[in-house]
Amino acid sequence: MALEHAILVSLRERAGSGYELTRRFDKSIGFFWRATHQQIYRVLKRMLDEGWVTVEHVAQEGRPDKKVYSVSADGRDELARWLAEPGEPVELRTDLAVKIRGAGFGDPAAVVAEVRRHRRVHAERLAAYRAIEAADFPDGPAHTGQTLHQYLVLRGGIAAEEAFVAWCGEVLDAMEPS
């Protein structure tokens, strides 16, 4: 997926400035597609040149005009094309798996420490996802339309983090003598 498509989805949900898009990436979209402030602005300019977005200049008191981006008809067509296009299934690629496999060629205790660190980070992310679920989706899957789609992506993140935390636990159980 190109960053352009993540931005198109975000702008279809709600028009916004580059700054607002950056905040959305930090709080939601960024959990599964990361982008820096600079990348977002660079891609917005390219999308504007391609005709996928339009921009409205909104005057602000004491500050430069705010540029609010919206998806154009060409952008909606591009997003529809991309949504219908088959994508490749995700491959699990993680340095941690290679470190575990090679633990015997180095310091297994260092690898165990790394597994513990990964488990902690994934457990923290899992807790954050569950907090979002409790706050934003108290009715669970009883949603429709865009809200249902957002809920389903969140559930995918929860399932992935639960699996990673469980796998790290299994590795630690196997590698740490009782």
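Notes on the structure follow. Bear in mind that the values here come from a model prediction, so they are computed numbers and not experimental data.

About the thresholds
Residues numbered from 1 in each chain as written. Predicted model: local features only at pLDDT ≥ 70, side-chain atom pairs only at ≥ 80, totals over all residues. Heavy atoms only, no water. Phe/Tyr/Trp six-rings, centres within 6.5 Å; stacked < 30°, edge-to-face > 60°. Helix = DSSP H or I, 4+ residues; strand = E, 2+ residues; numbered from the N terminus. Buried < 20%, exposed > 50% of the residue type's maximum accessible area, 1.4 Å probe, protein only. Polar contact = N/O pair within 3.5 Å; in protein donor to acceptor, adjacent residues only side chain to side chain. Contact = heavy atoms within 4.5 Å. 1 Å grid on protein atoms, 1.4 Å probe; cavity = no way out; pocket = protein on both sides within 12 Å on 5 of 7 lines; lining within 4 Å. Points joined across faces, edges and corners; volume = space filled by probe spheres on them. Nonpolar A, V, L, I, M, F, W, Y, C, P; charged D, E, K, R; others polar.

Enumeration according to the criterion identifies two aromatic pairs in this entry. With 5.3 Å between their ring centres and 75 degrees between their planes, phenylalanine 164 and tryptophan 167 make a pair best called edge-to-face. Linking phenylalanine 164 with tryptophan 167, this pair stays in helix α7 (residues 145-175), spanning three residues, or about one helical turn. A residue is classified by how much of its surface remains accessible, and phenylalanine 164, at 14% relative accessible area, is buried. The partly exposed category is assigned to tryptophan 167, whose relative accessible area is 29%.

In this structure, histidine 122 sits in helix α6 (residues 108-136). Polar contacts involving the side chain of histidine 122 include one to the side chain of glutamate 161, which spans 2.4 Å. When residues no more than four places from it in sequence are discounted, the contact partners of histidine 122 are Glu161, Phe164 and Val165.

Quick look at the layout of surface pockets now. Size it by volume and the largest pocket reaches roughly 1,500 Å³. Elements with a minimum of two residues in the lining of the largest pocket: α1 (3-13), α2 (18-27), α4 (73-84), α6 and α7. Among the elements that take part in the lining of the largest pocket, α7 stands out by supplying nine residues, more than any other. Of the residues in the lining of the largest pocket, the class split is 19 nonpolar, 10 polar and 12 charged.

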